[in-house]
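Residue-level structural notes
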Amino acid sequence: MTQGFIDDNRVMEEVKKAIAQTLSIDTEKIRPEDSLVRDLGAESLDFLDINYRLEQVFGIKMARHFILEHMEEMFGEGSAIDDNGQLTEKAVKLMRLRLGQESEGLQPGMDMDQVPPLITVATIAKGVNEILATLPEKCTSCGSPQWKCNDGAPIECSACSQGAAYSTGDDLIKEWLTSVQQEHKIF
Amino acid sequence: MSTRIEEEGVKGSGPLAGGSEGGQRRPLLSLFAGKVALVTGSSRGIGRAIALRFAANGADVVINHRRAETPNQARQVGIQALCQEIEGMGCRAYPILADISSRESVKQLMAEIADKCQRLDFLVLNAARAPFKPIERLLERELRELVDVNYLGNIFCIKEALPLLEKKDDDTTIAGKIVFISSLGSKFYNPAYPLGSMKAAMESVVRDLSQSLGERGIMVNAVSGGLVKTDSFKVLRQYMEGVDKLPEGLFVQPEEIADVVMFLCSQASRAIAGQTIIVDRGLSNRLYRPLG
């Protein structure tokens, strides 16, 4: 169901806060269109730190693996990244579907190390919103259909106070890949 | 390839520098005065703590790192800051960029050490890199990288460092020392820690080399660290449920591991060969009963 407790602005605010804390920079300097790597100086471990902070705030599980890794697991080694560590045409096609405008810089033959710089602040916020949108109709613990979100960002069951059981970021990527593959038959 | 920081660094003003007014570069009685240590992967975390401990004990330190610094200038943990801290203690810091998984890169690293330092007394094998996934889910590329960095890379370092480590001082029969940094993953299961298998392999290498290289005067041992809140912990806490809720008292400080490395590099450890010393505040003793 679409959760109505936490709006997009709140998500963006928390994403900026997590980035600011991880990278020791001012929240005011962070813009939604900023590349975490190119503009803000993030490294791979910083992504995990940012994700961890967001998980603590929202009670969610962000994706542990990047979409390219999921493609390789689901469609076979070499399907997304070739022997030279470069993106395949099929991987680029899929990522364009996934990332939309943010995928402008993507080209087949591009080094896989050049992909993380494409991730922006808005990409992270979009990932959080996608997970929050998987709020179940009913509490998985007691079956109550009532949720509450008091002063914090975690959504709890009104009846038993159990935290909401969202889909994980990895599950969402896998589900998306499965549905896109069924529709477009890319691999 | 590398840049000496000395030109810009603070000289002779560190706590162990012995004062800069008389031109004394480092304390006369420091444990490793005149020695040179190479710590692989020492730009941060445990490696950084080891590098600083070497400097605190009077050794010049080669800071090996794999990547150039990030554009994030706000960080205080950068290589330049580390080198300045070492220089501040009155020792020399040599930052050298090298990917240990490439033998050619390791050869260049050792050639640069030979050229700039003319000696190497301690080789600390700390660099490690691995994905966090169950081992059966690793792609071939990831498996090869796992072995290349965490096994072959260490062997390359040992092989290429031998000519330098074998060079003997006049006053001792013991040549250089090698210390490998292992982890509890070598002995205990973690569902997303394939690095543990490489740590186990290297602990065996340490045992074997302590015999073969011991005959040539080179001491080889390992230190196995428990849970340490370095950058890697940011990854671990996402794969090991509840690890971030463990009591603070079970977490090891990087400096506590560094202190054991110092011991293994000192003459006080002369009777220890091929061993892996566990530094985990007793965590491994508690693994099979609930943590209170």
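Residues numbered from 1 in each chain as written. Chains lettered and ligands numbered in written order. Predicted model: local features only at pLDDT ≥ 70, side-chain atom pairs only at ≥ 80, totals over all residues. Heavy atoms only, no water.

Before going further, it helps to spend a moment on the sheet that holds strand β5 (residues 177-183) of chain B. Residue and element names in this part refer to chain B. Here 7 strands make up an open sheet; going across it, the order is β3-β2-β1-β4-β5-β6-β7 and the pairing parallel. In the strand order of this sheet, the two ends are held by β3 (93-97) and β7 (276-279), each with one partner. Across the sheet, the mean angle from the axis of one strand to that of its neighbour is 20 degrees, orientation sign disregarded. With 5 bridges joining them, strand β2 (residues 60-65) and β3 adopt parallel strand pairing. Bridge pairing in β3 places Val61 opposite Ala93. Sheet strands in contact with helix α4 (residues 140-165) are β4 (122-125) and β5, and its direction is about 175 degrees off that of β4. In this fold helix α5 (residues 195-212) packs onto β4, β5, β6 (219-225) and β7, with an angle of close to 155 degrees to the strand it touches most, β5. (Pairing = 2+ DSSP bridges. Helix = DSSP H or I, 4+ residues; strand = E, 2+ residues; numbered from the N terminus. Axes fitted to C-alpha atoms, helices over the stretch in contact; angles between N-to-C directions. Contact = heavy atoms within 4.5 Å.)

By secondary structure assignment, the location of Phe132(B) is in the loop between β4 and α4. By relative accessible area, Phe132(B) is classed as buried at 13%. A sequence separation of 16 residues divides Phe132(B) from Lys116(B), and the C-alpha atoms of the two residues are 37 Å apart. Ignoring anything within four residues of it in the chain, the contact list for Phe132(B) reads His65(A), Ala192(B), Tyr193(B), Val235(B), Leu236(B) and Tyr239(B). (Buried < 20%, exposed > 50% of the residue type's maximum accessible area, 1.4 Å probe, protein only.)

Counted according to the given criterion, the structure contains 29 salt bridges over all chains. For Glu55(A), the salt bridge goes to Arg64(A), with nearest N and O atoms at 2.5 Å. Of the charged contacts in the structure, one is a salt bridge between Asp259(B) and Arg53(B), with a shortest N-O distance of 2.5 Å. Taken together, the positions of Asp259(B) in helix α7 (residues 254-265) and Arg53(B) in helix α1 (residues 45-56) put the pair 206 residues apart, joining distant regions of the chain. Beyond isolated ion pairs, a larger network of salt bridges with shared partners links Glu69(A), Glu73(A), Lys133(B), Arg137(B) and Glu142(B). (Salt bridge = Lys/Arg side-chain N within 4 Å of Asp/Glu carboxyl O.)

Residue and element names in this part refer to chain A. Positionally, Phe58 belongs in helix α2 (residues 44-58). For Phe58, a relative accessible area of 1% translates into the label buried. A C-alpha to C-alpha distance of 8.3 Å links Phe58 and Leu132, two positions 74 residues apart in sequence.

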